[in-house]
Amino acid sequence: MTNGAIFFSGTLTPISYYMKGILGNDEYKTLELTSPFDSNNLKLLVNSNISIRYKNRTNTLMDVIKYINQFVDKKIGNYIVYVPSFEYLYMLKDNFRNNKINLIFQEGSMDKIDKENFLNCFK
């Protein structure tokens, strides 16, 4: 019997760590590709003063929204905000109030057509 797994992610690095954790060892064949995007166009900002751990999410939600608005107001562009769960995403969606921003939210239960429509928003 042959078993196989395909993982596609821009965040599973270092790959050996995840292979050991998910697959049990790091001896499988892998293919890692370089990003096709210009690294000069990436700006990663981390605010370590706000916790979005499960127990803190309700207390810090409005701070997170405030920071998202501040970043977006400073520079016109496209932004992606990653959050730890759909539950938290829905909390953001329900509390985010800024009519100047076109927001697109992923849903947790998207069928194939919904996923295609969602991805087409980024073309």
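Everything that follows concerns the structure shown earlier in this document.
Residues numbered from 1 in each chain as written. Predicted model: local features only at pLDDT ≥ 70, side-chain atom pairs only at ≥ 80, totals over all residues. Heavy atoms only, no water.

J.: Go over the nonpolar core, please, and point to the residues and values.
T.: Ranked by size, the top nonpolar core spans ten residues in total: Ile50, Leu61, Val64, Ile65, Ile68, Tyr88, Met91, Leu92, Phe96 and Ile101. Elements that contribute at least two residues to this core include exactly α2 (57-74) and α3 (86-95). Looking at this core, the element that brings in the most residues is α2, giving four residues. Those residues in contact with isoleucine 50, other than ones at most four positions away along the chain, are Thr60, Asp63, Val64 and Tyr67. (Core = buried A, V, L, I, M, F, W, Y, C linked by side-chain atoms within 4.5 Å. Buried < 20%, exposed > 50% of the residue type's maximum accessible area, 1.4 Å probe, protein only. Helix = DSSP H or I, 4+ residues; strand = E, 2+ residues; numbered from the N terminus. Contact = heavy atoms within 4.5 Å.)

J.: I'd love a proper account of the side chain of asparagine 69, names of residues and values included.
T.: For asparagine 69, the location among the structural elements is in helix α2. Excluding residues that lie within four positions of it along the chain, asparagine 69 makes contacts with Phe96, Asn98 and Ile101.

J.: Can you lay out α2 for me, pointing to particular residues and giving the numbers?
T.: Along its 18 residues, α2 runs 25 Å from first to last C-alpha, staying within 8% of the 26 Å computed at 1.5 Å per residue. For α2, the complete set of buried residues consists of Arg57, Thr60, Leu61, Val64, Ile65, Ile68 and Asn69. (Expected span 1.5 Å × (residues − 1).)

J.: Before we move on, could you go through the pattern of salt bridges and cite the residues and values that matter?
T.: By the definition in use, this model includes one salt bridge. Among the salt bridges present, the one from glutamate 107 reaches lysine 93, with a minimum N-O distance of 2.8 Å. Taken together, the residues span a long stretch of sequence, with glutamate 107 in the loop between α3 and α4 (112-120) and lysine 93 in helix α3 at a distance of 14 residues. For lysine 93, a relative accessible area of 36% corresponds to the partly exposed category. (Salt bridge = Lys/Arg side-chain N within 4 Å of Asp/Glu carboxyl O.)

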